[in-house]
Amino acid sequence: MSEIAGDMNNAPDAGRRRFLTIAATSAVGAGIAGTTVVALVESLEPTAAETAAASTTFNLAPVEPGMQVTIPWQKKPVIIVNRTPEMLATLPEAEKKGILKDPNCTVPQQPPYCKNMYRARKPEWLVMVRICNHLCCIPHYRPKKASVTAWWLGGFHCPCHGSMYDLSGRVIKGSPAPHNMTIPEYHYSPDGKSVTITKMYPKAHLC
Ligand code: FES
């Protein structure tokens with residue numbers, strides 16, 4: 001997983017290189033301080049091309065209820081799950097049983113529009129970075145009840161140190177992972193048939 005962790009630093013480095021290039025150019029060619037300041041501030045924003053390159057659009061049509069697909073995004077695995085009503089019903093059940101560390105998603109591991117029980121824009125679709133925030137392993141998808149423990153309601157199980165998450169990626173008490181898994185920023189196409197993952201939520205902790 002070192003490759004994944006290393007990738008987190010690429011974008012800031014690229015931005016910094018551009019920052020330094022423009023700073024040097026401005027120092028040589030510009031005598032107007034205001035021009036230099038504007039150039040430096042603008043250089044910190046991603047260009048349209050960089051934003052487009054960082055985004056991934058995925059067609060949801062082939063993902064039937066109950067299915068998951070894991071796609072690469074910025075060298076990270078992103079899981080997309082089409083949750084059935086039965087799967088969604090396990091989420092309040094986990095809350096009632098009191099087994100979750102952060103049931104209300106108070107730690108900003110997701111954008112504000114996903115700060116809900118589903119950790120999603122639409123209840124049925126989970127879009128999540130599939131990385132355990134203990135030590136960056138990739139948890140197994142275990143949707144069936146009792147498939148990990150007798151009380152298991154369905155969710156994600158990390159094979160290395162045993163962290164457990166529910167079907168919204170909320171971490172279960174007793175797991176070494178401290179937080180819920182990370183939800184990236186994303187939006188749907190106007191017809192709702194595809195999802196575009198745009199960037200990591202800046203406040204989220206990956207691992
Ligand atoms: S990386 Fe998942 S439990 Fe350690």
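The structure this text deals with has already been given above.
Participant: Teacher, can you tell me more about the overall build of the chain here?
Facilitator: Of regular secondary structure, the chain possesses 5 helices and 9 strands. Listed N to C, the secondary structure of the chain is α-α-α-α-β-β-β-α-β-β-β-β-β-β in terms of helices and strands. Taken across its 207 residues, the chain has 27% of its residues classed as buried. Once local pairs closer than 6 in sequence are excluded, the contacts in the chain between residues at least 24 apart make up 58%.

Participant: In this structure, what is going on with the sheet that holds strand β2 (residues 68–73)? I would like to understand it.
Facilitator: Think of a sheet as strands paired side by side through backbone hydrogen bonds, with each pair either parallel or antiparallel. Pairing is antiparallel in the open sheet, where 3 strands are placed in the order β2-β3-β4. A strand with exactly one partner marks an edge of an open sheet, and here the two such strands are β2 and β4 (125–129). Neighbouring strand axes in the sheet, compared pairwise and without regard to direction, differ in orientation by 20 degrees on average. Here β2 runs beside strand β3 (residues 76–82); their pairing, made up of 6 bridges, is antiparallel. Note on β3: the bridge partner recorded for Gln68 is Val81.

Participant: Just to check I follow, could you spell out the nonpolar core for this structure?
Facilitator: Side chains that are nonpolar tend, in soluble globular proteins, to be buried together. Val78, Val127, Met128, Tyr165 and Ile197 are the most contacted members of the largest nonpolar core, which has 25 residues in total. Secondary-structure elements contributing two or more residues to this core are β3, β4, β7 (164–165) and β9 (194–199). Residues in contact with Val127, not counting those within four places in the same chain, are Val78, Ile80, Ala120, Ile183, Pro184, Tyr186, Val195 and Ile197. Counting residues in hydrophobic clusters, the runner-up holds 5 residues, among them Met87, Ala94, Leu153 and Leu167.

Procedures and definitions
- Residues numbered from 1 in each chain as written.
- Predicted model: local features only at pLDDT ≥ 70, side-chain atom pairs only at ≥ 80, totals over all residues.
- Helix = DSSP H or I, 4+ residues; strand = E, 2+ residues; numbered from the N terminus.
- Buried ≥ 20, exposed ≤ 12 C-beta atoms within 10 Å, placed from the backbone.
- Contact = placed C-beta atoms within 7 Å.
- Pairing = 2+ DSSP bridges.
- Axes fitted to C-alpha atoms, helices over the stretch in contact; angles between N-to-C directions.
- Core = buried A, V, L, I, M, F, W, Y, C linked by C-beta atoms within 7 Å.

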